[in-house]
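Below are the chains, spelled out letter by letter.
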Amino acid sequence: MVYVSAATAPMDADALLALLTRAREKNQRLGISGLLLYRDGDFIQLLEGEREAVRALFATIERDPRHTRTLVLLEGEAEQRLFPEWSMGFRNLSDPAVLATPGFSHLMNTPSWPTAFQHDPDGCLALLGLFKPPI
């Protein structure tokens, strides 16, 4: 599942670290892997795992008061996980090093970047794939 959401309040580095620490612990217990991208209060996240575990986790995220405007972009079966080794990979897309990543989409520089992928599932997966660790 890939979804987007907006933070209800700005998140500094400490708040993001606390969020990631809890998410990684929970995801490991649930057998979920994935990637979280963040920029200027907006999130795009890929969750991978057993269908019911992913749906239950997403339901929790939807109820989390730190999130608003939650929208599922993609949901379905995959032949293999993109991020099997990561309980939750993370990239802050405001980082200049990330902005210089080859193939980084110009869509990420628009104010409505999370929903820009709503009708472009291939583009969404291509973006997430840019952050896949090398084999």
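The text that follows walks through the structure, step by step, so that each part is easy to find. Only a predicted model underlies this, so the values are computations on that prediction, with no experimental measurement involved.

1. Some details on helix α1 (residues 13-30)
Side chains three or four residues apart in an α-helix point the same way, a direct result of the helix having 3.6 residues per turn. With 18 residues, α1 ought to run about 26 Å at 1.5 Å a step, and its terminal C-alpha atoms sit 25 Å apart, in line with that. When α1 is considered as a whole, its buried residues turn out to be Leu16, Leu19, Leu20 and Asn27. End-on, the buried residues of α1 take up no more than an arc of 100°, which puts them together on one face. Exposed positions of α1 whose direction lies more than 90 degrees from the buried face are Asp14, Leu17, Gln28 and Arg29. Residues of α1 that are buried sit in contact with β2 (33-39), β3 (42-48), α2 (51-63) and β5 (89-92). Looking one or two residues past α1, Gly31 carries a phi angle of roughly 75°, positive in sign.

2. Observations concerning the layout of surface pockets
Roughly 570 Å³ of volume is contained in the largest pocket. Looking at the largest pocket, it is lined by 21 residues, and the ones nearest its centre are Met1, Leu47, Gly76, Glu77 and Ala78. Of the pockets and cavities examined, the second largest pocket occupies roughly 310 Å³. Around the second largest pocket sit 16 residues that line it, and Leu19, Ala23, Ile61, Asp64 and Arg66 are the ones nearest its centre. Listing elements by their share of the lining of the second largest pocket, those giving two or more residues are α1 and α2. Per element, the largest residue contribution to the lining of the second largest pocket is six residues, and it comes from α1. Class assignment for the residues of the lining of the second largest pocket results in eight nonpolar, four polar and four charged.

3. Remarks on the side chain of Ser5
Tracing the backbone shows Ser5 in strand β1 (residues 2-7). Classification of Ser5 by relative accessible area gives buried; the value is 3%. Side chain to side chain, Ser5 and His67 meet in a polar contact 2.7 Å long. Residues in contact with Ser5, not counting those within four places in the same chain, are Gly41, Asp42, Phe43, His67, Thr68, Arg69 and Thr70.

Basis of the calculations
- Residues numbered from 1 in each chain as written.
- Predicted model: local features only at pLDDT ≥ 70, side-chain atom pairs only at ≥ 80, totals over all residues.
- Heavy atoms only, no water.
- Helix = DSSP H or I, 4+ residues; strand = E, 2+ residues; numbered from the N terminus.
- Expected span 1.5 Å × (residues − 1).
- Buried < 20%, exposed > 50% of the residue type's maximum accessible area, 1.4 Å probe, protein only.
- Arc of directions from axis to C-beta.
- Contact = heavy atoms within 4.5 Å.
- 1 Å grid on protein atoms, 1.4 Å probe; cavity = no way out; pocket = protein on both sides within 12 Å on 5 of 7 lines; lining within 4 Å.
- Points joined across faces, edges and corners; volume = space filled by probe spheres on them.
- Nonpolar A, V, L, I, M, F, W, Y, C, P; charged D, E, K, R; others polar.
- Polar contact = N/O pair within 3.5 Å; in protein donor to acceptor, adjacent residues only side chain to side chain.

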